[in-house]
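The primary structure of each chain is shown beneath.
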Amino acid sequence: MSYDAPGGLYGAFSGIVVLTRHDGLQPLGLQLNGGYARRLSSGLTLDLGIVHSNYSSYSSRGRGQSYTELYAGLGGKILSSRIYVSPDYLKRGGWTLYSEVDANVPAGKTLRVSGQVGMLVQLEGRRNGEPYRPEFDWRLGFSRDFGRLTGTVAWTGTGPDHDLYQRRSYGRSAFVAGVTFAL
C-alpha cells in the first residue's frame, strides 16, 4: 500500500510472504517507508526518505532481523539512482553505504524491461578481523501489466565472489517472481 500526496510527501508499506518447503506459506518481511519527492526544473525528480525493513526467521539469515536506512536519490524517465546510509544494516555492526542504479525501459504499452546494479560498502569496522570488501548485487527482469495487475519476473544475484547474507565466498543467483495489484 502506498500514498503519494500532491505536495510531494509519500508513504508506503509492503508485506512479503514466502512459500517454504516444510511450513507452507509464511510471513517473510515488512517494509515501511516515507519521504518527499520533488520534480526539479531539469525534469529529474529529487527523492529523500527513510525506510525500515523487518525480516522474519524465514529469511535466508535464519533469524528475524531489522534495519533502518536514510536515502537520497535522483530519478528520470528511464534511469534512477539512490544512495542509502544505515547505522545497523542487518546487524553487521557499524555504518554502511549502499548505492544503486536502476533502469526501467518500456518495451511496448504493457511490457517493461528493468535492471539494477548495486554496491554495499561498510564504512567502519572489520569483518572477522579482516578489512571489509565491497559487495555487489544485480537484477535483470521483465514486468507486464494486465490491467490493474502487474506480473514481474527477474533473475537476481550477488558476486562475483560474495553472498551478501550468508557470507560465503561464491556467487549466488535466484529467480524471483511477483504480482502487484493497484487499488
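A quick note: this is a predicted structure, and the numbers were derived from the prediction, not measured.

Re the overall build of the chain
Inference 1: Looking only at helices and strands, the chain has 0 helices and 11 strands in total.
Inference 2: Taken from N to C terminus, the helices and strands of the chain fall in the order β-β-β-β-β-β-β-β-β-β-β.
Inference 3: Burial analysis of the chain (183 residues in total) assigns 27% to the buried set.
Inference 4: Looking at the chain alone, contacts between residues at least 24 apart form 34% of all its contacts between residues at least 6 apart.
Inference 5: By element, 61% of the accessible surface of the chain is carried by carbon and sulfur atoms, the whole surface being about 11,700 Å².

A word on the packing of aromatic side chains
Inference 1: What the rule picks out here adds up to 4 aromatic pairs.
Inference 2: Aromatic side chains Tyr-55 and Tyr-67 sit 6.4 Å apart centroid to centroid with 20° between the ring planes, which places their arrangement in the stacked category. With Tyr-55 in strand β4 (residues 45–55) and Tyr-67 in strand β5 (residues 65–75), this pair connects stretches of sequence that are 12 residues apart.
Inference 3: By relative accessible area, which is 8% here, Tyr-67 ends up buried.
Inference 4: For the pair Trp-138 and Trp-155, a centre-to-centre distance of 4.6 Å together with 75° between the ring planes defines the contact as edge-to-face. Of this pair, Trp-138 sits in strand β9 (residues 135–146) while Trp-155 sits in strand β10 (residues 149–158); the two residues are 17 residues apart in sequence, bridging distant segments of the chain.
Inference 5: Judged by its relative accessible area of 47%, Trp-155 falls in the partly exposed class.
Inference 6: Sitting over the ring of Tyr-71, Arg-82 keeps its end group 4.1 Å from the ring centre.

Considering a nonpolar patch on the surface
Inference 1: Residues Met-1, Phe-13, Leu-30, Leu-32, Phe-146, Leu-149, Val-179, Phe-181 and Leu-183 make up a contiguous nonpolar surface patch of about 960 Å² in total accessible area.
Inference 2: Relative to the helices and strands, Leu-183 is located in the segment after β11 (172–181).

Describing the pairing of strand β2 (residues 9–20)
Inference 1: Inspection of the sheet shows strand β1 (residues 2–4) paired to β2 by 3 bridges, in the antiparallel sense. By the bridge assignment for β2, Ser-2 is matched with Ala-12.
Inference 2: Following β1, the chain reverses through 4 residues before pairing antiparallel with β2; Gly-8 in that reversal takes a positive phi of roughly 115°.
Inference 3: Where β2 lies against strand β3 (residues 24–39), 12 bridges are found, and the strand directions are antiparallel. Its bridge partner being in β3, Gly-11 is matched across the sheet by Gly-34.
Inference 4: Counted along the chain from β2 to the antiparallel partner β3, the turn is 3 residues long.

Some thoughts on the sheet that holds β5
Inference 1: The antiparallel open sheet is built from 11 strands, whose spatial order is β1-β2-β3-β4-β5-β6-β7-β8-β9-β10-β11. Each edge of the open sheet is held by one strand with a lone partner, namely β1 and β11. Looking at each pair of strands side by side, their axes are set apart by 20° on average, direction ignored.

Some details on the nonpolar core
Inference 1: Core analysis: the largest hydrophobic core is formed by 8 residues, namely Tyr-10, Val-51, Tyr-67, Tyr-71, Tyr-84, Tyr-89, Tyr-98 and Leu-120.
Inference 2: Contacts of Val-51, omitting those with residues within four sequence positions, involve Gln-31, Leu-32, Asn-33, Tyr-67, Thr-68, Glu-69 and Tyr-71.

What counts as what
Residues numbered from 1 in each chain as written. Predicted model: local features only at pLDDT ≥ 70, side-chain atom pairs only at ≥ 80, totals over all residues. Heavy atoms only, no water. Helix = DSSP H or I, 4+ residues; strand = E, 2+ residues; numbered from the N terminus. Buried < 20%, exposed > 50% of the residue type's maximum accessible area, 1.4 Å probe, protein only. Contact = heavy atoms within 4.5 Å. Areas by Shrake-Rupley, 256 points an atom, 1.4 Å probe, with all protein chains shown as cover. Phe/Tyr/Trp six-rings, centres within 6.5 Å; stacked < 30°, edge-to-face > 60°. Lys NZ or Arg CZ within 6 Å of the ring centre and 35° of its normal. Patch = residues over 30% accessible without salt bridge, like charges linked within 9 Å, V, L, I, M, F, W, Y side chains within 5 Å. Salt bridge = Lys/Arg side-chain N within 4 Å of Asp/Glu carboxyl O. Pairing = 2+ DSSP bridges. Axes fitted to C-alpha atoms, helices over the stretch in contact; angles between N-to-C directions. Core = buried A, V, L, I, M, F, W, Y, C linked by side-chain atoms within 4.5 Å.

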